[in-house]
Amino acid sequence: MKVLLLNGSMRGNSSSSLKIAKAFVEGIVIENGEDKTEVITVNLRDKKIEHCFGCFCCWKTTRGECVIKDDMEELRKLVMESDVIIECFPLYFFGLPSKMKAFMDRMISYVSEYRAINGDEATGRFLHEMRYEELMSKKLVLVSTCGYEKTADCYDSVVDQYDKICGAGNYTKVFAPQGGMLAEKTFENKVNRYLTKFTEAGKEFVKMGGRISKETEDKLQVPMLGHNTFSQAINLNWDDPEVGPYGKVVK
């Protein structure tokens, strides 16, 4: 099994979402076997990814090939070679960070052009067909943390976007709240215990053939801290810029 972990955080290796993704991948490796699992991690912030020009050449003239020559050529090749693609990112303003969004926009060459089909007006069809048959067998996992106390209502726009691209139920969601707390030294022991449930979810992903149960998905969204502790911690972050990851610029 080849696992491609795409880290869309501008914090690079300091990303809280990446901590969760690595715990999930650890579970995959444990369950599938280290000798049978290859993991490739890419920090998108280190890659040159131009914004999509919206020229539609990949749909009309070059058919599946983007006319922009940058690091997306390497990334698209890695996607085609991988069995599991994990897109890891923090929630930015209720959506994808710009680097991950640029990557996703450029992946449009992997789907066929949208055509009017009789009945569309009744079904409200938006989905594109995958251009390459082998893409259908790949497993996509979204791993993301947000800074809010809970994930409820925070990921609606992200889920809506991926439902339209991939189809509802055709990808795995690993969402977690209170992402900033994963970098707090004060909670280090608690964080280590907290991450074990993501490792267990990675094991389940392999056991269930590339998915996790709804029960597990919901369990992963249970906050690490209770309301009172979280409120005190996050308010201190905003009131004292020297405390915690919220008040620091990560380079």
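The coordinates are above.
Residues numbered from 1 in each chain as written. Predicted model: local features only at pLDDT ≥ 70, side-chain atom pairs only at ≥ 80, totals over all residues. Heavy atoms only, no water.

## Overview of the nonpolar core
Inference 1: Judged by nonpolar contacts, the single largest core of 34 residues is most densely connected at Phe24, Ile86, Val174 and Phe198.
Inference 2: Elements represented by at least two residues in this core include exactly strand 1 (2–7), helix 1 (16–32), strand 3 (84–90), strand 4 (139–145), strand 5 (172–176), helix 7 (188–207) and helix 9 (227–239).
Inference 3: Tallying contributions element by element places helix 1 first for this core, with 8 residues.
Inference 4: Excluding residues within four positions of it along the chain, Ile86 makes contact with Val3, Leu4, Leu5, Leu6, Phe24, Val25, Ile28, Val141 and Val143.
Inference 5: In terms of nonpolar packing, the next biggest core, distinct from the first, is built from 31 residues, Leu78, Ala102, Leu140 and Cys154 among them. (Core = buried A, V, L, I, M, F, W, Y, C linked by side-chain atoms within 4.5 Å. Buried < 20%, exposed > 50% of the residue type's maximum accessible area, 1.4 Å probe, protein only. Helix = DSSP H or I, 4+ residues; strand = E, 2+ residues; numbered from the N terminus. Contact = heavy atoms within 4.5 Å.)

## Structural notes on the packing of aromatic side chains
Inference 1: A full pass over the atoms with the stated rule returns 8 aromatic pairs.
Inference 2: Residues Tyr110 and Tyr132 carry aromatic rings whose centres are separated by 5.4 Å and whose planes lie at 85° to one another, so their mutual orientation is edge-to-face. Taken as a pair, Tyr110 in the loop between helix 4 (98–106) and helix 5 (120–123) and Tyr132 in the loop between helix 5 and strand 4 lie far apart in primary sequence, 22 residues in all.
Inference 3: Overall, the relative accessible area of 8% leaves Tyr110 in the buried class.
Inference 4: Ring centres of Tyr155 and Phe175 lie 4.0 Å apart, and the angle between their planes is 5°; this geometry places the pair in the stacked category. Residue Tyr155 is found in the loop between strand 4 and helix 6 (156–166), and its partner Phe175 is found in strand 5; the two are separated by 20 residues along the sequence.
Inference 5: For Tyr155, a relative accessible area of 3% corresponds to the buried category.
Inference 6: An aromatic cluster is present here, built from Phe93, Phe94 and Tyr148 joined pairwise through their rings. (Phe/Tyr/Trp six-rings, centres within 6.5 Å; stacked < 30°, edge-to-face > 60°.)

## Some points on the sheet that holds strand 5
Inference 1: Strand order in the open sheet formed by 5 strands is 2-1-3-4-5, with parallel pairing between adjacent strands. Two strands close off the open sheet at either side, each with one partner strand: strand 2 (38–43) and strand 5. In this sheet, neighbouring strand axes are inclined to one another by 15° on average, regardless of whether the strands run parallel or antiparallel.
Inference 2: As defined by bridge partners, strand 1 adjoins strand 2 across 6 bridges and the pair is classed as parallel. In the sheet register, Leu4 faces strand 2, and the bridge partner there is Ile40.
Inference 3: On the sheet, helix 3 (residues 72–81) packs against strand 1, strand 2 and strand 3 and is oriented at approximately 145° with respect to strand 1.
Inference 4: Here helix 7 sits on the sheet in contact with strand 3, strand 4 and strand 5, set at roughly 180° to strand 5. (Pairing = 2+ DSSP bridges. Axes fitted to C-alpha atoms, helices over the stretch in contact; angles between N-to-C directions.)

## What to know about helix 9
Inference 1: Its 13 residues give helix 9 an end-to-end C-alpha distance of 18 Å, which sits within 8% of 18 Å, the value for a rise of 1.5 Å per residue.
Inference 2: Listed as buried for helix 9 are Phe230, Ala233, Ile234 and Asn237. Buried residues of helix 9, viewed axially, fall in a sector of 90°; they line one side. Among the exposed residues of helix 9, those pointing more than 90 degrees away from its buried face are Asn228, Gln232 and Asp239. (Expected span 1.5 Å × (residues − 1). Arc of directions from axis to C-beta.)

## Brief notes about the environment of Ser14
Inference 1: Here Ser14 shows up in the loop between strand 1 and helix 1.
Inference 2: Separated by 169 residues in the primary sequence, Ser14 and Ala183 have C-alpha atoms spaced 8.2 Å apart.

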